[in-house]
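Spelled out from the first residue to the last, the chains are:
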Amino acid sequence: MKNKIIKILILIFIFLTLYFSRQIFSYKYDPEYYENYYYHSQWNIPNSVRGIGDGDLYKFVGYKLASGENPFNINYEVPPFAKLLYGISEKYFANPYIVSLFFYFCSFFCFISYFKVFF
């Protein structure tokens with residue numbers, strides 16, 4: 001009985017997480033906007049008043065990497081694998097956050113397998 005209650009609570013938790021994050025499913029990536037945003041930011045113009053945060057930077061770089069850009073030509077300071085995954089998601093789904101669902105479920109599976117909730 002206790003194990004069944006835990007499973008139900010976990011499913012409710014997943015449902016509520018997805019429900020309260022539902023705005024990310026309707027997000028549309030605009031490559032022209034982010035390209036303009038990047039090339040007028042502090043990454044290309046020193047002392048630019050138009051700064052770009054890491055989240056937007058990685059979305060743009062991921063899209064460029066998925067389009068075939070050389071990883072050493074654009075934002076080379078961190079490994080490009082996760083940015084590439086976001087870029088592939090942007091390219092094929094027009095939404096960079098779809099890959100975040102994959103990350104969420106992988107980490108959630110690791111968490112529940114550690115505590116052996118379903119096993």
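These figures come from a predicted structure and were not determined experimentally.

**What to know about the side chain of N75**
Tracing the sequence through the fold places N75 in the loop between α3 (54-66) and α4 (81-93). Here K83 takes part through its side chain, which lies 2.8 Å from a polar atom of the side chain of N75. Residues within four places of N75 in sequence aside, it is in contact with Y38, W43, L57, Y58, V61 and K83.

**Considering the packing of α3 against α4**
Contact geometry for α3 and α4: axes closest at 7 Å, N-to-C directions at 75°. Considering their axes alone, α3 and α4 lie roughly perpendicular with respect to each other. Listed contacts from α4 to Y58, K59, V61, G62, Y63, L65 and A66 of α3 are K83, L84, G87, I88, E90 and K91.

**With respect to the environment of L18**
Along the chain, the position of L18 falls in helix α1 (residues 2-20). Through-space distance from the C-alpha of L18 to that of I6 is 18 Å; in sequence the pair is 12 residues apart. Not counting residues up to four positions away in its chain, the partners in contact with L18 are F25, L101 and F105.

**Section: the packing of aromatic side chains**
If you walk through the whole model with that rule in mind, you get 16 aromatic pairs. Measuring from centroid to centroid gives 5.2 Å for Y27 and Y97, while their planes differ by 65°, and the two rings are edge-to-face. Here the residue Y27 occupies a position in the loop between α1 and α2 (31-39), and Y97 occupies one in the loop between α4 and α5 (98-115), the gap between them amounting to 70 residues. Assessed through its relative accessible area of 26%, Y97 is described here as partly exposed. Plain terms: the ring middles of Y34 and Y37 are 6.4 Å apart, the flat faces sit at 55° to each other, and that makes the pair tilted. With Y34 and Y37 both in helix α2 and 3 residues apart, this pair spans about one turn of that helix. For the pair Y34 and Y37, a shared accessibility class is recorded, and that class is buried. By way of ring pairs, the aromatic residues Y29, Y33, Y34, Y37 and Y63 are connected into one cluster.

**As for unusual backbone geometry**
For N47, which is not glycine, the phi torsion reads 60° and is therefore positive. Among the secondary structure elements, N47 is positioned in the loop between α2 and α3. Looking at N47, the relative accessible area reads 78%, which means it is exposed. A positive phi angle is found at A94, which is not glycine, with a value near 60°. With respect to the secondary-structure elements, A94 resides in the loop between α4 and α5.

**Brief notes about the nonpolar core**
Counting residues in each nonpolar core, the largest one holds 10 residues, listed as Y29, Y34, Y37, Y38, I52, L57, F60, V61, L65 and I74. Of all the secondary structure elements, the ones that give two or more residues to this core are α2 and α3. Counting residues per element, this core draws most heavily on α3, which supplies 4 residues. Residues in contact with I52, not counting those within four places in the same chain, are Y37, Y38, S41, Q42, W43 and L57.

Here is what the cut-offs are and how they apply
- Residues numbered from 1 in each chain as written.
- Predicted model: local features only at pLDDT ≥ 70, side-chain atom pairs only at ≥ 80, totals over all residues.
- Heavy atoms only, no water.
- Helix = DSSP H or I, 4+ residues; strand = E, 2+ residues; numbered from the N terminus.
- Polar contact = N/O pair within 3.5 Å; in protein donor to acceptor, adjacent residues only side chain to side chain.
- Contact = heavy atoms within 4.5 Å.
- Axes fitted to C-alpha atoms, helices over the stretch in contact; angles between N-to-C directions.
- Parallel < 35°, antiparallel > 145°, perpendicular 65-115°, else oblique.
- Phe/Tyr/Trp six-rings, centres within 6.5 Å; stacked < 30°, edge-to-face > 60°.
- Buried < 20%, exposed > 50% of the residue type's maximum accessible area, 1.4 Å probe, protein only.
- Core = buried A, V, L, I, M, F, W, Y, C linked by side-chain atoms within 4.5 Å.

Just distances and angles here, no functional claims.
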